[in-house]
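Structural features, examined
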Protein chains: 2
Amino acid sequence: MMIESFLERATPTWMGVEDDYSDIVISTRIRLARNLDGYRFPLAFTENEALQVEQAVTHAIKDSTKLQENYSYFAIKDLTPLQRQILVEKHLISPQLAKKELVGSILLSDDESTSIMVNEEDHLRIQCMTASFQLQKAYEQANKIDRILEKALPFAFRDTFGYLTSCPTNIGTGLRASVMMHLPALTLTGQMNQIINAMTRLGMTVRGIYGEGSENLGNVYQVSNQITLGKTEDDILADIQSVAEKIIQKERHARGKLMEKAELALEDRVYRALGTLTHARILTSEEAATCLSNIRLGVDLQLIEGIKAMTLNECVVSMQPGFLQNYAGDVLPPAERDRVRAEMLREALFRENMSKPIIGGKGEDSFDV
Amino acid sequence: MMIESFLERATPTWMGVEDDYSDIVISTRIRLARNLDGYRFPLAFTENEALQVEQAVTHAIKDSTKLQENYSYFAIKDLTPLQRQILVEKHLISPQLAKKELVGSILLSDDESTSIMVNEEDHLRIQCMTASFQLQKAYEQANKIDRILEKALPFAFRDTFGYLTSCPTNIGTGLRASVMMHLPALTLTGQMNQIINAMTRLGMTVRGIYGEGSENLGNVYQVSNQITLGKTEDDILADIQSVAEKIIQKERHARGKLMEKAELALEDRVYRALGTLTHARILTSEEAATCLSNIRLGVDLQLIEGIKAMTLNECVVSMQPGFLQNYAGDVLPPAERDRVRAEMLREALFRENMSKPIIGGKGEDSFDV
């Protein structure tokens, strides 16, 4: 597939799943870090070594008869800064990989559920994503690819340590399991700090979806294991499963309490967010994310009808700078992005819900960016 | 007419005038303070004196063949606290008169353009209002009533001082001319303090419409003369006319500059206000007034179409606590008022502009308070 195909869709098809968890869990991700014996880690290797690693990996994937999905290969250096940014915004590549100037490439499955980063921090990063809370399904897919590649490639593995990785925090299983959760009620009731501290003591991390900081753009948090060594893959998955379930329970409880004690205030918050997104002419990512989070909460609590969760997911992705600029077909300075973001979100929510904008006026009837 | 007739309408018929000033000037008011010779001022008089004053005034009005309008008489003590509050909110009586427990009454013309307060701070306060900027018209009406009553009643007048009044600040002409103006652009650009200071030096006052403070609920200010002594009525009117015209010019200039330099930011402000009023479930008077002011500015600058200035005028009056409670048919605690206010404003703006709310949901389809 052409790179454009991966850039034009805000959300992949695998996102469209609704189950018992999809009011809280947005997606689940498994990542396996692997390296090849005989080559230095990307931090220290030569361009020639990088090339050899890349050729070995791409051949292994191309030659495999057992991989059912079709994979598309892209060298990062061949992508424009905007294209790289969009792949980061879709969580298909890491910000670190996007910065590579010489080495680094990506193999993407057609449905975007699997991406294999080559020569990022490690020689290989196998990443599998599912909608909602499906740790086992995501792990099975990652494990299958891992098993296939392990037969073709000399993975660096020591009996005492397990899989060797560039950063010691990934050594052992090389496994990171992450659950992306929407936790507005826990955030609103000020319980997140306590949860983040408790998670840290359990060897887990909770952080915002973008960046390394704990900023929680749109009340979305990523819960993942910190420890990769001294535990089996099954133990790690079981721990994350149990911890994520507890957080889900807590969020449900907090939502229930809010509905019980402050339904009107909650309804006010939810509808104000809708009023802002359907009317504002200038919107920063931060404000838009907060509004989308509030509307999502309103949809989940059935305070608002007629807006699909999928539309909100699409908005969350497509309101990001790279996506917006791709959409506008032009590089936009930040102020202009805020204008286009407001236009795009207004359009998306009006299209969802009604044939005409609430009150006619300048710039309402057409949507030209 | 029954008191209910005066309470159910948010805006009187005389408000529905649109002219070259009505984008900025909401209304014009003339007030004449008069007292009767032979009776002490209300501050010091006996209940018996109060009764005699009242009888003299009401008879003078009833007996006059020259007053074309029909006047309804109400004793303040016969009105409920809620009824008094609504009359204050409509600017038909002063907050001081509303507090009277024994004496004090009001004579209201059917169209509400004229109200004569009896035994407030002075024995008589003749108040005439017009829409927009019509100082001369309002003065002529007040003057006509003054001339008629002067023939029937022994007005306290001394050649050296002019009309005697309870408070020295009203002595002389007893005339206060006030122009109520919507000055959002001057407020937004931080020019109001400078204007208020300059006005004070010219013997004028600029203040918010409610209360004595300079708080500017909804960016509405009342410009009026401070000096009543040592100038003729014509001079006072000419001064106010000239000063108000300068402020109107400044506001127009500030609006033009805003449109030129920050149209998008202005459009954003205006539409966000509309989004808030059409979606919020809880609204304080302050926030509602600010939003109505922003929408009004948007209508005046043609950034929003389809909303009538009259609807906004009605909203400004009917969102006040007394009016809201009359509307709800019940005494409401403040928190409940904020809920009913949000419901009422949503309803008013939806009714104005569309057959159905933007996004269906709880409490949107019916309006029961």
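In what follows, the accompanying structure is described. Just so it is clear, the structure is predicted and the values come from calculations on it, not from any experiment.

Moving on, we come to the overall build of chain A. When you go through chain A residue by residue, the secondary structure sums to 12 helices and 10 strands. Radius of gyration (C-alpha) of chain A: 21 Å, near the 21 Å computed for a compact globule of 369 residues. Its C-alpha atoms put chain A at 65 × 45 × 35 Å along the principal axes. Across the 369 residues of chain A, 56% fall into the buried class. Contacts spanning at least 24 positions in sequence make up 71% of the contacts within chain A whose residues lie at least 6 apart.

Residue and element names in this part refer to chain A. If you walk across this open sheet you meet the eight strands as β2-β3-β4-β5-β1-β8-β10-β9, and the pairing is antiparallel. The sheet is open, and its two edges are formed by β2 (71-75) and β9 (204-208), each paired on a single side. In this sheet, adjacent strand axes meet at a mean angle of 20° when their direction is disregarded. Where strand β8 (residues 175-182) lies against strand β10 (residues 220-225), five bridges are found, and the strand directions are antiparallel. Of the residues in β10, the one forming a bridge with Val179 is Val223.

This brings us to the pairing of strand β5 (residues 124-131) of chain B. Residue and element names in this part refer to chain B. With eight of eight residues buried, β5 lies mostly within the body of the structure. The alternating pattern of β5 places Leu124, Ile126, Cys128 and Thr130 and Arg125, Gln127, Met129 and Ala131 on opposite faces, both of which are buried. Examined bridge by bridge, strand β1 (residues 25-34) and β5 share eight bridges and lie antiparallel to one another. Within the sheet, the bridge partner assigned to Arg31 lies in β5 and is Gln127. As paired strands, strand β4 (residues 114-118) and β5 are joined by five bridges and run antiparallel to one another. Note that in β5 the partner of Thr114 across the bridge is Cys128. Hairpin connection of β4 to β5: five residues between the antiparallel strands, including Asn119 at a positive phi of 60°.

This part covers the sheet that holds strand β2 (residues 71-75) of chain B. All names here are of chain B. What the eight strands build is an open sheet, ordered β2-β3-β4-β5-β1-β8-β10-β9; its pairing is antiparallel. With partners counted over all chains shown, the strands left at the sheet margins are β2 and β9 (204-208), one partner each. Averaged over all pairs of adjacent strands, the angle between strand axes in this sheet comes to 20°, irrespective of strand direction. Contacting β1, β2, β4, β5 and β8 (175-182), helix α5 (residues 135-152) crosses the sheet at an angle of about 150° to β5.

What the rule picks out here adds up to eight aromatic pairs over all chains. Seen from their ring centres, B:Phe6 and B:Phe74 are 5.8 Å apart, and the 80° between their planes marks the pair as edge-to-face. Taken together, the residues span a long stretch of sequence, with B:Phe6 in helix α1 (residues 3-8) and B:Phe74 in strand β2 at a distance of 68 residues. For the residue pair B:Phe6 and B:Phe74, the accessibility class agrees, reading buried in each case. A connected cluster of aromatic rings, assembled from ring pairs, spans A:Phe155, A:Phe157 and A:Tyr163. Positioned over the ring face of B:Tyr163 is B:Arg34, at 3.5 Å from the centre of the ring.

The subject of this paragraph is the packing of α5(B) against helix α8 (residues 233-279) of chain B. All names here are of chain B. With their axes 11 Å apart at the nearest point, α5 and α8 run at an angle of 150° to one another. It follows from the interaxial angle that α5 and α8 lie roughly antiparallel. As α5 packs across α8, the resulting crossing turns out to be right-handed. Here α5 contributes Leu135, Gln136 and Tyr139 to the contact with α8, which in turn contributes Glu233, Leu237, Ile240 and Gln241. Its residues placed into classes, the contact of α5 with α8 shows four nonpolar, two polar and one charged.

On to the environment of A:Arg341, then. Residues and elements named next belong to chain A. If you trace the backbone, Arg341 turns up in helix α12 (residues 334-353). Between the alpha carbons of Arg341 and Ser318 there is a distance of 8.6 Å; along the sequence they are 23 residues apart. With residues near it in sequence (within four places) discarded, Arg341 still touches Leu283, Thr284, Ser285, Ala288, Met319, Pro321 and Leu324. Here the side chain of Arg341 touches Ser285 through a polar contact of 3.4 Å, side chain to side chain.

Thresholds, definitions, all that
- Residues numbered from 1 in each chain as written.
- Chains lettered and ligands numbered in written order.
- Predicted model: local features only at pLDDT ≥ 70, side-chain atom pairs only at ≥ 80, totals over all residues.
- Heavy atoms only, no water.
- Helix = DSSP H or I, 4+ residues; strand = E, 2+ residues; numbered from the N terminus.
- Rg over C-alpha atoms; globule rule 2.2 N^0.38 Å.
- Buried < 20%, exposed > 50% of the residue type's maximum accessible area, 1.4 Å probe, protein only.
- Contact = heavy atoms within 4.5 Å.
- Pairing = 2+ DSSP bridges.
- Axes fitted to C-alpha atoms, helices over the stretch in contact; angles between N-to-C directions.
- Phe/Tyr/Trp six-rings, centres within 6.5 Å; stacked < 30°, edge-to-face > 60°.
- Lys NZ or Arg CZ within 6 Å of the ring centre and 35° of its normal.
- Parallel < 35°, antiparallel > 145°, perpendicular 65-115°, else oblique.
- Left-handed = near helix turned anticlockwise from the far one by under 90°.
- Nonpolar A, V, L, I, M, F, W, Y, C, P; charged D, E, K, R; others polar.
- Polar contact = N/O pair within 3.5 Å; in protein donor to acceptor, adjacent residues only side chain to side chain.

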